[in-house]
Amino acid sequence: MSASPLPDPNLAAFLKEVNQQIAVVYDEEGLALLQNELHGRNDVDALQQAEIANEKLLRYVKSQSTRVAKFKRLQLGDALQRRQLERMPLLGYEALGDVEVNQLYALAANMSDSYQRLKLCAFGEPYDCTLSLIPDVQRVVQESRNLEEIEYYWLEWRRITGLATRRQFVSFMELYKKTAKLNGFVHAEDYWFRNLELTGHQTMTLLNELMAALRPLFLQFHAHVRGSLRKMHGERLVARGRPYPQHLAEVFLANAFGRVRVDWFVDMPSPEAGLTNLTDALHRRGLTTTQRVFWNVAEYFRGLGLPQPEGSLWAHTQPVSAQNEDHCWHKAWRFHTLSRTNFSYCPLNDEERFFDMFEAQCDLHYLRAAAVQPTLLREEPFPNFGDALGKCFSLAASSPRYLRKLGLLQGTQWLGLPSRLNRLYVQGLRIIFLLPVFYVLDRYRVDVLRGHIRADDNEAFWRLTEMYTGATAPQRRNNDQFDVPAKLLMEVDDQYTSQLLSTVLQFQLYKHFCSMTGQYLEGSADRPLDLCDLSDQREVGPSLLHAMSLGSSLHYKEVLEQLLGTGDLSMDGLLTYFKPLHDWLTLHNRQNGVEVGWQ
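Attention here is on the structure that accompanies the text. (Residues numbered from 1 in each chain as written. Predicted model: local features only at pLDDT ≥ 70, side-chain atom pairs only at ≥ 80, totals over all residues. Heavy atoms only, no water.)

## Digging into the state of the cysteines
Working definition: the covalent bond between the sulfur atoms of two cysteines is a disulfide. Stated formally: Any two cysteine sulfur atoms lying within 2.5 Å of each other are counted as a disulfide. With a 1.4 Å probe rolled over the protein chains alone, any residue whose accessible area is under 20% of its type maximum counts as buried; one over 50% counts as exposed, and the rest are partly exposed.
This model, assessed by the stated rule, comprises three disulfides. Note that C121 is cross-linked by a disulfide to C129, the S-S spacing being 1.9 Å. The sign of the 85° torsion about the S-S bond sets the C121-C129 disulfide as right-handed. Judged by relative accessible area, C121 falls into the buried class, the value being 18%. According to the relative accessible area criterion, C129 is partly exposed, its value standing at 31%. Look at the protein chain and number its bonded cysteines as they come in the sequence; the links are 1-2, 3-4, 5-6. C392 forms no disulfide, and the closest cysteine sulfur to it belongs to C514, at a distance of 7.1 Å.

What follows is the structure, given as structure tokens:
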């Protein structure tokens, strides 16, 4: 048996210097982003400082690239040292020549700015062209019962985004392919998924397996929503056995976000059981300030066996400036060269912010636990990995059993199947229908990078959309139009796969912790997964903290292996959680003659 490689002193000295230099630059960028959060999301000075810090990082990485390549080639050092070399930031777009890199940044900025800059003309008022997509048009279509108006805004948004960005999108994807090669990736799709440390083929195989596992539940839910849309709008608009109209489905699904009302849905499982109103309950319970919520949630995590935040932490917290619900969230901030962690909070006090506190405090514990690693290894194993952890515990906190213990729900009716089905129904509308959309948006761009389709092949985009989401356009779309940019509400090169995998992992973690603590028992009517309450389950803490402390020192599969006992991501947690809803949907569709699937 060969001995493990020994640490190399020269490599150790190099990595020490790199970690110190990168820590300083990361902190400069983090401080600028914190200032932007506190002063307003368009603080020009703060954003400029963040950009300067990022440019400084790229210059430093470029200056060290030859030495990094040499150490990799010589295969020096032990496993931890080699891992740090692997996690060195890549040059990315800076590998392009000056002209092309400036062109690429301009393309990305123009496409990103389009979503904020482009304005739509009001329906029937061609001279009132002042409406932004979010929140102006979004609010109009949510309240409108005029189908012509809803269709108009759907078509108009795609018209102006397609016209504004079609050529830019094509040019960007060509430069992206070149960037991949200059960063050492033979296949551009491997570069696209580089943060997962999987090849493009491996990632798409994983995604296809997850989509196949989700398909039976999605088909039943899709059939139900299509049936509801047909009741609302008639069979002429919502034909049997066909994909449902995307513009009508988007309005229907959007009703599940924010403060939901039972009367917005024609086929809620148990309308008489109603839905919870936790915002009012928070005020009745006395959780009327963010500070009270903060320490209440801190006590929750202490009950899991995680350390209690020091009392002085709150003294350094600061409120964010945004009062807009879409931008007002709690957030933990890491600074590599300082011993303390910062925390910013949203002063709004409602249900969404209450559950967001569980996510933010989980992230706080994550940042602190990962601080034992060198700077290069403090990031999460893949993007949104930490988000999955946070959402796992906000999901646990939403359990009616925990909310009753906290005094936010009264009575036992919330533990009964009628109320549970209503809750699962709304959660399902928020979660299950997004996953195929995430898949399509990345699958389309990966097919472009592979050379299987043109970058502006609108017909290919709609084939994927119909196949995986069961949605179609209100009017036939062809290659004269270009609808992809209308759905890419993030940066053009941001991947949705990490969000999809994060959602899958969220439920996988939840099922694991609930099974480990005996709060979920397979086949038990008394302990179903959707009622699992993890509060005061101290055995959760040690394994959770250990996984957090690993940072990215190991591949995500190895981190999962140590945390869950398996390195494979699985849809099983999500399917188990939504099984009562799946059973209800199957029975309801059968009893009402609702057709399943589409042609």
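## Thoughts on the side chain of D43
For clarity, the cut-off: We count a stretch as a helix when DSSP gives it H or I for four or more residues in a row; a strand needs E for two or more, and each element gets its number in order from the N terminus. A 3.5 Å cut-off defines polar contacts: any pair of N or O atoms within that distance qualifies, except that in protein one atom must be a possible hydrogen donor and the other a possible acceptor, and neighbouring residues in sequence count only when both atoms are side-chain atoms. Whether two residues are in contact is decided by their heavy atoms: any pair within 4.5 Å suffices.
Turning to its location among the elements, D43 is positioned in the loop between α1 (9-39) and α2 (44-74). For D43, the side chain forms a polar contact with the main-chain nitrogen of D45, separated by 3.2 Å. Residues contacting D43, with those up to four places away along its chain left out, are Q35 and N36.

## Section: the pairing of strand β4 (residues 342-345)
Definition in use: Two strands make a pair as long as DSSP finds a minimum of two bridges between them.
The alternating pattern of β4 places N342 and S344 and F343 and Y345 on opposite faces, both of which are buried. For strand β2 (residues 318-319) and β4, the ladder comprises two bridges, and the chain directions are parallel. Of the residues in β4, the one forming a bridge with P319 is Y345. Where strand β3 (residues 331-333) lies against β4, three bridges are found, and the strand directions are antiparallel. Paired with A332 across the two strands is F343, which belongs to β4.

## Digging into helix α24 (residues 579-591)
To be explicit about the condition: In a helix, the anticipated span is given by 1.5 Å times the number of residues less one. Directions pointing from the helix axis toward each C-beta atom define the arc.
Spanning 13 residues, α24 covers 18 Å between terminal C-alpha atoms, matching the ideal 18 Å at 1.5 Å per step. By the burial criterion, the buried members of α24 are P580, L581, W584, L585, H588 and N589. On an axial view of α24, the arc spanned by its buried residues comes to 155°, and they lie on one face. At its buried positions, α24 is contacted by α8 (200-233), α16 (417-431) and α23 (572-577). Where α24 terminates, the next one or two residues include G593, which has phi positive at roughly 65°.

## Things to note about the pattern of salt bridges
Going by this rule: Salt bridges are identified by distance alone: a Lys or Arg side-chain nitrogen within 4 Å of an Asp or Glu carboxyl oxygen.
Applying the stated criterion across every chain yields a total of 31 salt bridges. As a salt-bridge pair, K178 and E100 come within 2.9 Å of each other at their nearest N and O atoms. Taken together, the positions of K178 in helix α6 (residues 147-182) and E100 in helix α4 (residues 98-117) put the pair 78 residues apart, joining distant regions of the chain. Judged by its relative accessible area of 23%, E100 falls in the partly exposed class. Between R230 and E595 there is a salt bridge, with its nearest N and O atoms 2.6 Å apart. Taken as a pair, R230 in helix α8 and E595 in the segment after α24 lie far apart in primary sequence, 365 residues in all. Of the two residues, R230 and E595, neither departs from the other in class, the shared state being buried.

## Some points on the packing of aromatic side chains
Note the cut-off: Centre distance within 6.5 Å is the pairing criterion for rings of Phe, Tyr and Trp, where only the six-membered ring of Trp is used; planes under 30 degrees apart are then read as stacked, over 60 as edge-to-face, and the remainder as tilted. Charges are assigned to positions over rings by a cutoff of 6 Å between ring centre and Lys NZ or Arg CZ, combined with an angular limit of 35 degrees from the ring normal.
Under the definition given, this model contains 42 aromatic pairs. Here the aromatic rings of F172 and Y176 are separated by 6.2 Å at their centres, their planes lie at 35°, and the arrangement is tilted. Here Y176 and F172 lie together in helix α6, a separation of four residues that amounts to about one turn. Assessed through its relative accessible area of 0%, F172 is described here as buried. By relative accessible area, which is 2% here, Y176 ends up buried. For the ring pair F221 and Y425, a centre distance of 5.7 Å and an interplane angle of 50° mean the geometry is tilted. With F221 in helix α8 and Y425 in helix α16, the pair connects residues that are 204 residues apart, well separated along the chain. For the residue pair F221 and Y425, the accessibility class agrees, reading buried in each case. Each member of the aromatic cluster is reached from another via a ring pair, and the members are Y300, F301, F354, F355, F358, F393, Y402 and F513. Lying across the ring of Y191, R194 places its NZ or CZ 3.9 Å from the centre. Lying over the aromatic face of W329, R353 brings its terminal NZ or CZ to 4.3 Å of the ring centre.

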